[in-house]
Amino acid sequence: MKLRSNKKPEYKTLAEIKIGQKAKVVKLLVEGLTRRRLLDLGLLPGTEVKAVMKSPTGDPTAYDIRGSVLALRFEDASKIVVKNLSSRHNEETN
Amino acid sequence: MRRQTSLDTSRKDRDYYQERHEDLEKGHDYLIALTGNPNTGKSTVFNALTGLHQHVGNWPGKTVARAEGSFRYMEKRYKLIDLPGTYSLLATATDEEIARNFLLFSRPEVVVVVVNSTALERNLNLVLQVLEISNNVVVCLNLIDQAARKGLKVNAKQLSQDLGVPVIPTVANVGKGLNNLVEAIAGVASGKIITNPHHFVLRTEIRKVLDVVVPQVEKVAGDLTNIRWVAMRLLEGDIKIRQALENGDLASLAGTNEGASVTKKPIKAELKEFSDRIKAAASPIRESLHDYVVSSIYADAETIASKAVTKVEASKNDLDAKIDRIVTSRLVGFPIMIALLMLVFWVTIEGANVPSQLLAEGLFWLEDQFSSVFRWFGAPQWLEGLLVHGTYRGLAWVVSVMLPPMAIFFPLFTVLEDLGYLPRIAFNLDRFFKWAGAHGKQTITMCMGFGCNAAGVISCRSINSPRERLIAILTNNFVPCNGRWPTLILMATVFIATAFPPAVSSLAASFILVAVTLIGIAMTFAVSALLSRTLLKGESSFFVLEMPSYRRPQFSRILYTSLIDRTIKVLYRAVVWAAPAGALIWVLGNIHVGGETLMTHAAGILSPFGLLIGLDGIILVAYIIAIPANEIIIPTIIMGYMGTSMMTELESTAELHALFAAQGFTVVTALCLILFSVLHYPCATTTHTIWKETRSAKWTILSNLIPLVIAFIVCFGVAQSLRAFGFG
């Protein structure tokens, strides 16, 4: 899911992060209760996350967030803008 | 206490009765609250502390379950209340509100926060918030064994220093550290241990605002010990706190029970001025207030966690990731899942065979003894018939059929749960449930339903959103429980398989069983989808599924608790529901009106209807009487066909086949019976459980009506179309 906002190329959403890659949260594109829930889980700007596994059906994907592995659905992960931290060599494509 | 009327499918804040400290504490010396993130082992701690001295009710005015229990320590009695597991106390959703308001208004003497040591930062989010509301906190640092496996060492002493409250490391599921925990709770409750709770460092922006707001709150409400928290809630627009302020109740929120300051009820003018002042103070950060609060808390949590947690060695637990990669892989994820479930079914069916037979022999031998006793006393035939051949036999049947499979299935299921595998199933199948407008956790409740639908309905408590929980409850019955398997297996082997050449007959039987399971699951999805687009329309709730680390199941503990638990439940069910049904069946088979038994009469009336849907009158009578217990359906049908005066079992399948065939029973009938068995209304226990869980007559009735209508439609369709093609 591509954003139409002014984001630089190395910024993507958490949903676009491949398994094994690390990313740092930049901002949340959603308000209201969902925003609060994401914040409660510790997905604040500056937080480092890692994509750990993906369901065989393609959705949801589980991320290592501050020590726990939490699964988030695509529609929520795609509202989290992140900066991809993984270098090309460390990537493990799914 | 006001009783809630129905499952609230909207997110409207329901006005509910806040219980008073004195009422909750009645009969005990101290009131203790248990909080924590989900998946921290909070229920394990609760169960370990309270044992059998617990019961589950509801939060007044809500449909959220509440576990209450008690324990004794050094001559003092402690009442323990389990608050809903939450990640925070800030959000405006039901669980958070319940927890927050309980801590604030019911003022427990001690608040125990159960923390997952492997994810300290996020757990500290809740701890730091609790420390704002209450001074008397004990932190239970649970799952330290898992932390060790991840190569993490958590310094409880350092943590205790930084937080200002006792921090007790525990491994709750083996009982380690629990004595220390109880000691700490007792110490804080009695005042022997004095706490000095740490208050999280605020971001500059908020601090500036609070510097202005806190004095305003003081002016209006008096000196409160948790005034910083109250001020923050007021800034965020918390209605309940606001109401408390206006009613002059805020003084009762003072952190300690003794020495509460004078109750001050602010006058209207004061309130107006107060509102204006805080609005003005807050306006620069209005938009980001919540963000700032959370980031302050997490910044503090990070600092504290970094001091307390050290990584001593590389994680020994890459095994987790390796297993997960296989178990959720595109290639083998699903096959493994299906294979595991098939294995559980197979072990249950095979393993239950011999015990069921033995139990049956034993219980029916007992029946004969009872018979002799009755005759010896010269009791009238009808009394002996009613009590021994009706009531007792019904009971005996249910126990011998139900107990062995349940005693195998549930421990197996609990092993999978203890292992940590169940969330992976939910993870794999969530997409389908999302499409159906339901929650991923419905996977797990559905799997529970294979064992017992009543247990499946209870397990729906794990789904927070009322709408999604209701969908899970209403569709649970579409998966056949242990009680229905014998019927399905019998029909499949005796009637369907025999219609095929012997070489493939057992294959055909297995195929039927698998197909039937899949039909049940497919129907679950279909009806969930239907419900979420019609009667239970609404948005999907925020979905997050925690994937815990794999851990070794506690086999002996599981065997013990699961076995005892299930045995009690089966016996209870047999006595309460099946025995009366047995009595009723005997009555129907033995009261003669106009030369024929009541059963024959009833069958006659229902016959045309039965034939329409591919069954017959006797079968329908059996299903109606056997509402309490699916296990006695076949014996009742046999009784009906044979015209005997009691439920009967036939020894050989050939005999069975012959008897049924003589009554016009064909392959089509068998097929429709199988379908009807899977799709029909829930048994009495399940219906009763649905009533208890939803407290709604409407939904309980629908939980029976929807499957029944579907069963009719499907059976009608199948029967008519097969007959059109010239079969049976």
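Everything discussed here concerns the structure shown above.
Per-chain numbering applies: the sequence of each chain, read as written, is numbered from 1 onward. To label them, take the chains in the order written and letter them from A, then take the ligands in the order written and number them from 1. Only residues with pLDDT of at least 70 get local features here, since the model is predicted, and only at 80 or more are side-chain atom pairs given and counted; chain-wide, interface and lining totals rely on the full set of residues. Values shown for side chains rest on all heavy atoms present in the structure; no hydrogens or waters enter the calculation.

A. Main features of a positive patch on the surface. Exposure above 30% relative accessible area and the absence of a salt bridge qualify a residue for a patch, where like charges join within 9 Å and nonpolar side chains (Val, Leu, Ile, Met, Phe, Trp, Tyr) within 5 Å. Areas reported as accessible are Shrake-Rupley estimates using a 1.4 Å probe. Residue values count occlusion only from the protein chains shown. For this analysis, a salt bridge means a side-chain nitrogen from Lys or Arg found within 4 Å of a carboxyl oxygen belonging to Asp or Glu. Two residue types count as positive, namely Lys and Arg, and two as negative, namely Asp and Glu; His and chain ends fall outside the count. By convention, the point assigned to a charge is CZ for Arg, NZ for Lys, CD for Glu and CG for Asp. On the surface, a cluster of positive charge is made up of A:Lys22, A:Lys50, B:Lys322 and B:Arg325. Among the residues examined, A:Lys22 registers a relative accessible area of 40% and is labelled partly exposed. Burial classes follow relative accessibility: with a 1.4 Å probe on protein chains only, a residue under 20% of its type's maximum area counts as buried, one over 50% as exposed, and anything between as partly exposed.

B. View of the nonpolar core. Nonpolar cores are built from buried Ala, Val, Leu, Ile, Met, Phe, Trp, Tyr and Cys residues. Side-chain atoms within 4.5 Å join them into one set. With 112 residues, the main nonpolar core has B:Met491, B:Ile632, B:Phe660 and B:Phe665 as its most contacted residues. Residue contacts follow a heavy-atom distance rule, with two residues in contact if any of their heavy atoms lie within 4.5 Å. Look past the residues within four positions of B:Met491 in its chain and what remains in contact with it is B:Ile496, B:Ile634, B:Phe660, B:Phe665, B:Ala670, B:Leu673 and B:Ile674. Within the second largest apolar cluster, 96 residues are counted, among which are A:Val49, B:Ala99, B:Val214 and B:Ile241.

C. Just unusual backbone geometry, in detail. Each neighbour pair has its own omega, and for A:Asp59 with A:Pro60 the value is 5°, a cis peptide bond. Phi at B:Arg107 takes a positive value of approximately 40°, unusual for a residue other than glycine. Overall, the relative accessible area of 19% leaves B:Arg107 in the buried class.

D. Representation of the sheet that holds strand β6 (residues 80–84) of chain A. Any two strands with at least two DSSP bridges between them are considered paired. Strands here mean DSSP runs of E at least two residues long; helices mean DSSP runs of H or I at least four residues long; both are numbered from the N terminus. The 7 strands lie next to each other as β1(A)-β6(A)-β2(A)-β3(A)-β4(A)-β5(A)-β10(B), forming an open sheet whose pairing is antiparallel. In this open sheet, the two edge strands, each paired with only one partner strand, are β1 (11–13) of chain A together with β10 (544–546) of chain B. Shown here is a sheet whose adjacent strand axes are inclined to one another by a mean of 40°, direction ignored. One ladder, built from 5 bridges, connects strand β3 (residues 48–54) of chain A with strand β4 (residues 61–65) of chain A; its direction is antiparallel. Paired with A:Lys54 across the bridge in β4(A) is A:Thr61. Relative to the sheet, helix α16 (residues 422–435) of chain B contacts β3, β4 and β5 (68–72) of chain A together with β10 of chain B, its axis offset from that of β10(B) by approximately 150°. To get an axis, fit a line to the C-alpha atoms, keeping to the stretch in contact for a helix; angles then go from 0 to 180 degrees between the N-to-C directions.

E. Seen up close, the interface of chain A and chain B. With 33 residues of chain A in contact, the opposing surface of chain B contributes 45 residues. Counting the contacts that link chain A with chain B gives 8 salt bridges. A salt bridge links B:Glu121 to A:Arg66, with the shortest nitrogen-to-oxygen separation between them at 2.6 Å. Think of a polar contact as two N or O atoms within 3.5 Å of one another; within protein, one of them needs to be a possible hydrogen donor and the other a possible acceptor, and neighboring residues in sequence only count if both atoms come from side chains. Put simply, chain A and chain B have 20 residue pairs in polar contact (both at pLDDT 80 or more) between them. Looking at the side of chain A that touches chain B, the element that brings in the most residues is helix α1 (residues 32–40) of chain A, giving 8 residues.

F. Representation of the pairing of β4(A) in the model. Residue and element names in this part refer to chain A. Along β4, 4 of the 5 residues are buried, which leaves the element largely enclosed by surrounding structure. Hairpin connection from β3 to β4: 6 residues lie between these consecutive antiparallel strands, with Gly-58 at a positive phi of about 100°. Of the strand pairs in this sheet, β4 and β5 are connected by 5 bridges, and their pairing is antiparallel. Following the sheet pairing, Tyr-63 is matched in β5 by Leu-70. Connecting the antiparallel pair β4 and β5 is a turn made up of 2 residues, with Arg-66 showing a positive phi of about 50°.

G. View of the pairing of strand β5 (residues 110–116) of chain B. Residues and elements named next belong to chain B. Counting buried residues along β5, 7 of its 7 residues qualify, which places the element largely inside the surrounding structure. As paired elements, β5 and strand β6 (residues 137–142) share 6 bridges and run parallel to each other. Bridged to Val-111 within β6 is Val-137. Regarding the hand of the β-α-β motif, the stretch spanning β5, helix α4 (residues 120–133) and β6 is right-handed. Note on handedness: a clockwise path from strand one over the helix to strand two, with the strands aimed away from the viewer, defines a right-handed crossover.

H. Fine view of the environment of B:Gly177. Residues and elements named next belong to chain B. Mapped onto the elements, Gly-177 comes out in the loop between β8 (167–169) and α7 (178–190). On a C-alpha basis, the gap between Gly-177 and Leu-141 in space is 9.4 Å, while along the polypeptide they are 36 residues apart. Once you skip the residues sitting within four places of it in the chain, Gly-177 turns out to touch Ile-168, Pro-169 and Thr-170.

I. Seen up close, the pattern of salt bridges. The tally for this structure, following the rule as stated, stands at 24 salt bridges over all chains. B:Glu236 is paired through a salt bridge with A:Arg36; the nearest N and O atoms lie 3.4 Å apart. Linking B:Glu236 in the loop between α9 (227–235) and α10 (239–247) with A:Arg36 in helix α1, this pair reaches from one chain into another. Since its relative accessible area comes to 18%, A:Arg36 is described here as buried. Salt-bridge contacts for B:Glu302 lead to A:Arg66; the nearest nitrogen and oxygen are separated by 2.9 Å. Of this pair, B:Glu302 sits in helix α12 (residues 289–308) while A:Arg66 sits in the loop between β4 and β5, each in a different chain. Judged by its relative accessible area of 13%, A:Arg66 falls in the buried class.

J. Structural context of a nonpolar patch on the surface. On the surface, a cluster of nonpolar side chains totalling about 500 Å² of accessible area is made up of B:Leu559, B:Tyr560, B:Leu563, B:Ile564 and B:Ile568. Structurally, B:Ile564 is set in helix α22 (residues 555–590).

K. Fine view of the packing of aromatic side chains. All names here are of chain B. Stacked, edge-to-face and tilted are the three classes for Phe, Tyr and Trp ring pairs, Trp counted by its six-membered ring, which pair at centre distances within 6.5 Å; planes under 30 degrees apart are stacked, over 60 edge-to-face, the rest tilted. All told, the structure shown has 20 aromatic pairs over all chains when counted by the stated rule. Measuring from ring centre to ring centre gives 5.5 Å for Phe-409 and Phe-410, while their planes differ by 75°; the resulting arrangement is edge-to-face. Neither residue differs from the other here; Phe-409 and Phe-410 are each classed as buried. Each ring, one from Phe-409 and one from Trp-485, has its centre 6.3 Å from the other, and the planes form 85°; the classification is edge-to-face.

L. Quick look at the side chain of B:Asp324. Counting through the fold element by element, B:Asp324 comes out in helix α13 (residues 318–327). Within the structure, the side chain of B:Asp324 is placed 2.8 Å from the side chain of B:Tyr550, a separation counted as a polar contact. Every residue in contact with B:Asp324, bar those within four places of it in the chain, is listed here: A:Met53, B:Arg424 and B:Tyr550.

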